[in-house]
Amino acid sequence: VVELCGGASSSRTLTSLGLAYNGVSSAAACEALGQLMRSCSTLAEVRLSGNSIDREGAKQLGAAIQESRVLTVDIEDMGFDHSTIDEFLDHGSAGTQELEG
């Protein structure tokens, strides 16, 4: 995921990224995904369902959503507990993007 995100960050045509059920869980993967979301101005949709992202990853992704042009983030079946979802929402802007899950 880190290498994929690094390579895709300069894309001018990427509009949707499907990483559902791909075992995304590390802080490094979430950081790379967050950087991709911030830097790829054409990316509008990220599908993350079925990944097990921890509190630190949730914080990174929540902040990235707020700072990006991504409009839809699919977070179904993520195994979020109360603290993880709080980190995600506290560091993001759930009111401006469509969160599916």
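Note that the structure is predicted; figures quoted are calculated from it, not measured.

Novice: Quick rundown of helix α2 (residues 27–39)? Include the residues and the values.
Specialist: Residues that lie three or four places apart on an α-helix share one face, since the helix turns once every 3.6 residues. Here α2 spans 18 Å end to end across 13 residues, near enough to the 18 Å set by a 1.5 Å rise per residue. Of the positions making up α2, those classed as buried are A29, C30, A32, L33, G34, L36 and M37. Buried-residue contacts for α2 involve α1 (2–8), β1 (16–18), β2 (45–47), α3 (55–66) and β3 (72–74).

Novice: Account for the packing of α3 against helix α4 (residues 82–90), with residues named and values stated.
Specialist: Remark: α3 packs on α4, axes separated minimally by 7 Å, with the N-to-C direction vectors making an angle of 25°. Judged by the angle between their axes, α3 and α4 are roughly parallel. Every pair of crossing elements has a handedness; the one defined by α3 and α4 is right-handed. Facing α3, whose interface residues are R55, A58, K59, L61, G62 and I65, α4 presents S83, T84, E87 and F88. Of the residues in the contact of α3 with α4, the class split is four nonpolar, three polar and three charged.

Novice: Summarise the packing of α2 against α3; cite the residues concerned and give the values.
Specialist: Between α2 and α3, the least distance of the axes is 9 Å, while the angle of their chain directions is 0°. Here α3 runs roughly parallel to α2, going by the angle between their axes. Note on element contacts: α3 touches α2 through G57, Q60, L61, A63, A64 and I65, opposite A27, C30, E31, L33, G34, M37 and R38. In terms of residue class, the contact of α2 with α3 is made up of eight nonpolar, three polar and two charged.

Novice: Explain the confidence of the model for the protein chain to me, using residue names and the numbers behind them.
Specialist: Averaged over all residues, the pLDDT of the protein chain is 86; the fraction at 70 or higher stands at 89%. Here strand β4 (residues 98–100) is the element of the protein chain with the lowest mean pLDDT, 51, and β1 is the one with the highest, 97. Under a pLDDT of 50 for its full length, residues 94–98 has, in the predicted model, ten contacts with residues more than four places off or in other chains.

Novice: Which residues make up the environment of S52, and what are the values?
Specialist: Take S52: it is sitting in the loop between β2 and α3. The exposure class of S52 is exposed, given its relative accessible area of 54%. Once you skip the residues sitting within four places of it in the chain, S52 turns out to touch V24, S25 and M78.

Novice: Which residues make up the side chain of S68, and what values do they have?
Specialist: Looking at the element boundaries, S68 is found in the loop between α3 and β3. Among the polar contacts listed, one links the side chain of S68 to the backbone nitrogen of V70, at a separation of 3.2 Å.

Novice: Give a description of the pattern of salt bridges that names residues and reports values.
Specialist: A side chain with one charge can pair with a side chain of the opposite charge if their charged atoms come near. Scanning the model with the defined rule gives three salt bridges in all. The salt bridge involving R38 is made with E67; its shortest N-O contact spans 2.4 Å. Linking R38 in helix α2 with E67 in the loop between α3 and β3, this pair joins segments that are 29 residues apart in sequence. Under the relative-accessibility criterion, E67 is labelled partly exposed at 49%. Where R47 meets E45, a salt bridge forms, and the shortest distance between an N and an O atom there is 3.4 Å. Assessed through its relative accessible area of 31%, R47 is described here as partly exposed. Classification of E45 by relative accessible area gives partly exposed; the value is 28%.

Cut-offs applied
- Residues numbered from 1 in each chain as written.
- Predicted model: local features only at pLDDT ≥ 70, side-chain atom pairs only at ≥ 80, totals over all residues.
- Heavy atoms only, no water.
- Helix = DSSP H or I, 4+ residues; strand = E, 2+ residues; numbered from the N terminus.
- Expected span 1.5 Å × (residues − 1).
- Buried < 20%, exposed > 50% of the residue type's maximum accessible area, 1.4 Å probe, protein only.
- Contact = heavy atoms within 4.5 Å.
- Axes fitted to C-alpha atoms, helices over the stretch in contact; angles between N-to-C directions.
- Parallel < 35°, antiparallel > 145°, perpendicular 65-115°, else oblique.
- Left-handed = near helix turned anticlockwise from the far one by under 90°.
- Nonpolar A, V, L, I, M, F, W, Y, C, P; charged D, E, K, R; others polar.
- pLDDT = per-residue confidence, 0-100.
- Polar contact = N/O pair within 3.5 Å; in protein donor to acceptor, adjacent residues only side chain to side chain.
- Salt bridge = Lys/Arg side-chain N within 4 Å of Asp/Glu carboxyl O.

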